[in-house]
Amino acid sequence: MKKLNTVFAAMTLAVVGTANAAQITSWNYINEAGFTDFTQTTGGSVTASGDATPNGLLGVPASTDLTWGEGLTSGDVVINGGVDDIQSSFQSASPVLGTVVTNGGLEQGTDLFHNNWVVGTGDGLLIGASFLDALQLTATELDGVPYVGPALVIDAPTLGFEISFLETINGVDYDLSGGFTVDEAVLDDTLICPDGTLNGTGVNLNGCADIFAITSDTTDFDIVGGNVEFSGSFILDDYEYTITTVLSGLQLITDTACVTIGLEAGCIGFLTTEEMSNQLVAEFRIDSELVPVEVSAPASIALLGLGLIGLGGLARRKK
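Residues numbered from 1 in each chain as written. Predicted model: local features only at pLDDT ≥ 70, side-chain atom pairs only at ≥ 80, totals over all residues. Heavy atoms only, no water.

Enquirer: What exactly am I supposed to notice about the overall build of the chain here?
Expert: In terms of regular secondary structure, the chain is built from 2 helices and 20 strands. Within the chain, buried positions represent 49% of all 319 residues. For the chain, contacts bridging at least 24 residues in sequence account for 76% of all contacts bridging at least 6. Counting only carbon and sulfur atoms, one obtains 52% of the accessible surface of the chain, whose full area is about 13,300 Å². (Helix = DSSP H or I, 4+ residues; strand = E, 2+ residues; numbered from the N terminus. Buried < 20%, exposed > 50% of the residue type's maximum accessible area, 1.4 Å probe, protein only. Contact = heavy atoms within 4.5 Å. Areas by Shrake-Rupley, 256 points an atom, 1.4 Å probe, with all protein chains shown as cover.)

Written out as structure tokens, the structure reads:
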């Protein structure tokens, strides 16, 4: 994997640069991620709510939730699980606090949910959003022993990316006349949806899936096992630490879907099924290896490149 190009500010730590280098074997972490802006159709009434950054890691106000669309009422055909007047939404599960062990397994980051309900267009629709993601690490153990001393805190560079979004109109599936009351279902299984695949099958099982894509210039990525992975590294004394983020659900989407929302073919995103909550799972791990370097005490540490728990992107790169 490629290392990121972001550079940390130099730091001085008393525990680094000693005769016997110590490995940080455990960290506490805080991950915050949220929406800082959005765009909508003319006359829209998208609402932003929830505090995504109670610890201030993002540096600006950010919301956990964006909500849009005109809630509908089921008629003869039940939609949205029979819940009337429900709106579609994005939800960030921020903040996430936990502990991560060096050279251990994956830990939870900030998941993103798209609650994709059948909605009317009367109140306008979401068409885009800006999103920030930040991670703070605090060392808690050195060589397996509880760390006692001045706080050893690392703030990763804040990642930012833009969301392009298409709320598909499923009028072909539902008669939305009469105040958006659903009177009948007419699932047209001959329709080609905006993603270029057939309606009524796969992700389009309940009607044409919505299209979510991200753009950014902060990181490169790999596609591993159908998921997006990206990584960054930094050096503390004689150890190089690599943080790898795994985003389950985010992937290369169809070229047709990319072009439909105004992006180049080969974009990154995910297609979300109608009438259900769709989850983008974010996890990360920290790996470390000994890389002897010549330092003085106290050491000035150049922390190189780090892109964490976020939704990156994400220039296309074939393995």
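Enquirer: Just checking my understanding: could you explain the environment of Val 119 for this structure?
Expert: Along the chain, Val 119 falls in the loop between strand E8 (112-116) and strand E9 (126-142). In this view, Val 119 contacts Trp 68, Gly 69, Glu 70, Leu 72, Ile 86, Gln 87, Ser 88, Leu 125 and Glu 167; residues no more than four positions away in its chain are not counted.

Enquirer: I tried to follow the state of the cysteines on my own but got confused; where do I start?
Expert: The term disulfide refers to a covalent linkage connecting the sulfur atoms of a pair of cysteines. Taken as a whole and assessed by the stated rule, the structure comprises 2 disulfides. Sulfur-sulfur distance for the disulfide between Cys 193 and Cys 208 comes to 2.1 Å. Judged by the sign of its S-S torsion, about -80 degrees, the cystine formed by Cys 193 and Cys 208 is left-handed. You can see Cys 193 sitting in the loop between helix H1 (177-180) and strand E13 (210-215) and its partner Cys 208 sitting in the loop between H1 and E13, a full 15 residues away along the chain. With respect to burial, Cys 193 and Cys 208 carry one shared label: buried. A sulfur-sulfur separation of 2.0 Å characterises the disulfide bridge that pairs Cys 258 with Cys 267. Looking along the S-S bond of the Cys 258-Cys 267 disulfide, the torsion reads about -95 degrees, which is the left-handed sense. On the basis of relative accessibility, which here comes to 0%, the residue Cys 258 falls in the buried class. (Disulfide = S-S within 2.5 Å.)

Enquirer: What am I meant to see in the pattern of salt bridges here?
Expert: Opposite charge on two side chains lets them pair, provided their charged atoms get close. All chains considered together, the criterion is met by 1 salt bridge. For Asp 287, the salt bridge identified is with Arg 285, shortest N-O distance 3.2 Å. A relative accessible area of 23% means that Arg 285 is categorised as partly exposed. (Salt bridge = Lys/Arg side-chain N within 4 Å of Asp/Glu carboxyl O.)

Enquirer: Would you mind showing me how to read the pairing of E13 here?
Expert: Two faces belong to every sheet, and in a regular strand the side chains alternate between them. Burial of E13 is extensive: 5 of the 6 residues sit out of reach of the surface. Pairing of strand E12 (residues 159-166) with E13 involves 5 bridges; the strand directions are antiparallel. Along E13, the bridge assignment pairs Ser 164 with Ala 213. Both E13 and strand E18 (residues 268-272) contribute to a ladder of 5 bridges, which runs antiparallel. In the strand pairing of E18, Ile 211 is matched with Leu 271. (Pairing = 2+ DSSP bridges.)

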